[in-house]
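So you can see what is in the structure, the chains are spelled out below.
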Amino acid sequence: MSQKMARQPLASAEEVATYLGVPVATLYQWRHRGAGPRASKVGRHLRYRWADVERYLDEQAKAAA
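Residues numbered from 1 in each chain as written. Predicted model: local features only at pLDDT ≥ 70, side-chain atom pairs only at ≥ 80, totals over all residues. Heavy atoms only, no water.

1. With respect to the packing of aromatic side chains
For step 1, the next point in the chain: If you walk through the whole model with that rule in mind, you get two aromatic pairs.
For step 2, the next point in the chain: Summarising the aromatic geometry, the rings of Tyr-19 and Trp-50 are spaced 5.4 Å apart at their centres and angled 80° between planes, so their arrangement reads as edge-to-face. Here Tyr-19, found in helix α1 (residues 13-20), pairs with Trp-50, found in helix α3 (residues 50-64); they are 31 residues apart in sequence, far enough to count as distant.
For step 3, the next point in the chain: Residue Trp-50 is classed as partly exposed on the basis of its relative accessible area, which comes to 23%.
For step 4, the next point in the chain: With a centroid separation of 5.7 Å and 45° between ring planes, the pair formed by Trp-30 and Tyr-56 is classed as tilted. Taken as a pair, Trp-30 in helix α2 (residues 24-33) and Tyr-56 in helix α3 lie far apart in primary sequence, 26 residues in all. Here Trp-30 matches Tyr-56 in class, with each residue buried. (Phe/Tyr/Trp six-rings, centres within 6.5 Å; stacked < 30°, edge-to-face > 60°. Helix = DSSP H or I, 4+ residues; strand = E, 2+ residues; numbered from the N terminus. Buried < 20%, exposed > 50% of the residue type's maximum accessible area, 1.4 Å probe, protein only.)

2. A few points about the pattern of salt bridges
For step 1, the next point in the chain: What the rule picks out here adds up to two salt bridges.
For step 2, the next point in the chain: Asp-52 is the salt-bridge partner of Arg-38, the closest N and O atoms lying 3.4 Å from each other. Within this pair, whereas Arg-38 is found in the loop between α2 and β2 (39-42), its partner Asp-52 is found in helix α3, the two being separated by 14 residues in sequence.
For step 3, the next point in the chain: Residue class for Asp-52 comes out buried when judged on its relative accessible area of 7%. (Salt bridge = Lys/Arg side-chain N within 4 Å of Asp/Glu carboxyl O.)

3. Details of the nonpolar core
For step 1, the next point in the chain: Within the largest apolar cluster, twelve residues are counted, these being Ala-11, Ala-13, Val-16, Ala-17, Leu-20, Leu-27, Trp-30, Ala-39, Leu-46, Tyr-48, Val-53 and Tyr-56.
For step 2, the next point in the chain: Within the residue set of this core, elements represented by two or more residues are α1, α2, β3 (45-48) and α3.
For step 3, the next point in the chain: Here this core gets four residues from one element, more than from any other, and that element is α1.
For step 4, the next point in the chain: Not counting residues within four places of it along the chain, the set of residues in contact with Leu-27 comprises Ala-13, Val-16, Ala-17, Leu-20, Val-22 and Tyr-48. (Core = buried A, V, L, I, M, F, W, Y, C linked by side-chain atoms within 4.5 Å. Contact = heavy atoms within 4.5 Å.)

4. Examining the sheet that holds strand β1 (residues 11-12)
For step 1, the next point in the chain: Here three strands make up an open sheet; going across it, the order is β1-β3-β2 and the pairing antiparallel. The open sheet is flanked by β1 and β2, the only strands paired with a single partner. (Pairing = 2+ DSSP bridges.)

5. Some thoughts on the packing of α1 against α2
For step 1, the next point in the chain: Packing of α1 against α2 leaves a shortest axis separation of 8 Å and a crossing angle of 105°. Taken together, the axes of α1 and α2 are roughly perpendicular relative to one another. Residues Ala-13, Glu-14, Val-16, Ala-17 and Leu-20 of α1 form the contact with α2, whose participating residues are Val-24, Leu-27, Tyr-28 and Trp-30.
For step 2, the next point in the chain: A per-class count over the contact of α1 with α2 returns eight nonpolar, no polar and one charged. (Axes fitted to C-alpha atoms, helices over the stretch in contact; angles between N-to-C directions. Parallel < 35°, antiparallel > 145°, perpendicular 65-115°, else oblique. Nonpolar A, V, L, I, M, F, W, Y, C, P; charged D, E, K, R; others polar.)

Pasting the structure below:
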């Protein structure tokens, strides 16, 4: 029997914006500029992996240090 990986649900742009404390429009601007956390298009919607959001925060903290 194969072991199933536990997966977290993908986050919407609204959820990530709330988590980061920025407007949703900022996430779209970051994506357009190639900045911010990595996002994927699922149909017409942007979705984020929480691990990518956390990685982005870690990178920002290192850059500020």
